[in-house]
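As a plain string of letters, each chain reads:
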Amino acid sequence: YENNVNNNWYTNYIAKWCIDYTLEIDKDSTYGSSLISNEEFENWSNLSEKISLEKIKNTNIWIQQDGFLDKEMSSVDDLKSIERPINQNWSWDRILRSVYIKQADVLQGIYLFEDDFSLDEIQDNFDFYEPKTVHESSLSPCIHVILACLLRYDQKAYELYLRSSRLDLDDYNKEVSEGLHITSMAGTWLSVIEGFAGLRITEKGLRLNPRIPDKWSSISFKIRYHAYVLEFYIDKYEVRIKKNGGDNLIINVNGKRVELKEENESIISLIGSKRNP
């Protein structure tokens, strides 16, 4: 909910990534010469090194912004139901002084750059920030679903999936009279595909780590990946993938390298898999 802050971790991480990526591209420039001067390169490198990305001492937890730890470290569980949503029941002064978070912040950065962090780092930050998040934004539950699936927090993942998919149906934020949350509809799709199906598009190709909710029997969906249309069917026992012809394609399923050939359906067993429910 806060807007006047210094050294927001998410903002700083994005800025640092942009600078580092620019320097990396410049160093490997195919144009035959550098696009920025040596002085600029040195200045940008120094700037990147000095960007503030502070952690709570002796922990893996990044501090959301300067002064965040000065707040009273309460939990959403401490709120009374009649106080929810707080943006309709509290003064803005009280909201801004509270520790409560409207939507994924530090966890949004971790979601975007998942491979930059260890599982322990992701878990420690999720355990610290999610209990302080009121999810009073349609952008919030889906990001937490995806991270919760990664951490094997099955109950929390499904709870937040319902919050994303039923946000307007159950009018969680008591504002459906003002219109629908289209972002939550997209977030629901992300929850299923990146969360429960565990699909990632990486520089090394597609990666799939499914985790089907207990109350579901299966998931099926299609995606377009490069020149291919891929059809997925996933249940608790196997994954079936079919593509619409073309050259062979490699996909990683639960750490196993699988080659998809022409229009043949590939069947991958999940029995005994490290991610098998």
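Residues numbered from 1 in each chain as written. Predicted model: local features only at pLDDT ≥ 70, side-chain atom pairs only at ≥ 80, totals over all residues. Heavy atoms only, no water.

Colleague: Describe the overall build of the protein chain, with residues and values.
Modeller: When you go through the protein chain residue by residue, the secondary structure sums to 9 helices and 8 strands. Counting over 277 residues, the protein chain shows a buried share of 47%. The long-range share in the protein chain, meaning contacts at least 24 apart out of those at least 6 apart in sequence, stands at 56%. With the model as given, the accessible surface of the protein chain reaches about 15700 Å², and the carbon-plus-sulfur share is 47%. Positive and negative side-chain charges in the protein chain, numbering 33 and 45 respectively, have mean positions lying 6 Å apart. (Helix = DSSP H or I, 4+ residues; strand = E, 2+ residues; numbered from the N terminus. Buried < 20%, exposed > 50% of the residue type's maximum accessible area, 1.4 Å probe, protein only. Contact = heavy atoms within 4.5 Å. Areas by Shrake-Rupley, 256 points an atom, 1.4 Å probe, with all protein chains shown as cover. Lys, Arg positive; Asp, Glu negative; His and termini not counted. Charge placed at Lys NZ, Arg CZ, Asp CG, Glu CD.)

Colleague: Let's hear about the nonpolar core: which residues, and what values?
Modeller: Counting 67 residues, the largest nonpolar core has Ile110, Phe196, Phe221, Leu230 and Phe232 as its most contacted members. Per-element accounting of this core gives the leading share, 8 residues, to helix α7 (residues 140-150). For Leu230, the residues in contact, after removing those within four places along its chain, are Leu206, Phe221, Lys222, Ile223, Tyr225, Lys242, Lys243, Leu249 and Leu260. (Core = buried A, V, L, I, M, F, W, Y, C linked by side-chain atoms within 4.5 Å.)

Colleague: Describe in detail the environment of Gly246, supporting the description with residues and values.
Modeller: Structurally, Gly246 is set in the loop between β5 (238-243) and β6 (249-253). For Gly246, a relative accessible area of 54% corresponds to the exposed category. Gly246 sits 107 residues away from Leu139 along the chain, and the two C-alpha atoms are 37 Å apart. Those residues in contact with Gly246 that sit more than four places away from it in its chain are Tyr228 and Glu262.

Colleague: Break down the pattern of salt bridges for me, with residues and values.
Modeller: Where charged atoms from two side chains of opposite charge come close, those side chains can pair. With the rule as written, the count across this model stands at 14 salt bridges. We note a salt bridge from Asp20 to Lys16, for which the minimum N-O separation is 3.4 Å. With Asp20 and Lys16 both in helix α1 (residues 9-27), this residue pair falls 4 residues apart, about one helical turn. Overall, Asp20 belongs to the partly exposed group, its relative accessible area being 30%. (Salt bridge = Lys/Arg side-chain N within 4 Å of Asp/Glu carboxyl O.)

Colleague: Summarise the sheet that holds strand β4 (residues 228-235); cite the residues concerned and give the values.
Modeller: Pairing is antiparallel in the open sheet, where 4 strands are placed in the order β3-β4-β5-β8. Looking along the sheet, the strands with just one partner apiece sit at the ends: β3 (218-225) and β8 (266-269). Neighbour to neighbour, the strand axes of the sheet diverge by 15° on average, direction disregarded. Looking at chain direction, β3 and β4 are connected through 8 bridges and run antiparallel. (Pairing = 2+ DSSP bridges. Axes fitted to C-alpha atoms, helices over the stretch in contact; angles between N-to-C directions.)

These figures capture arrangement, not role.
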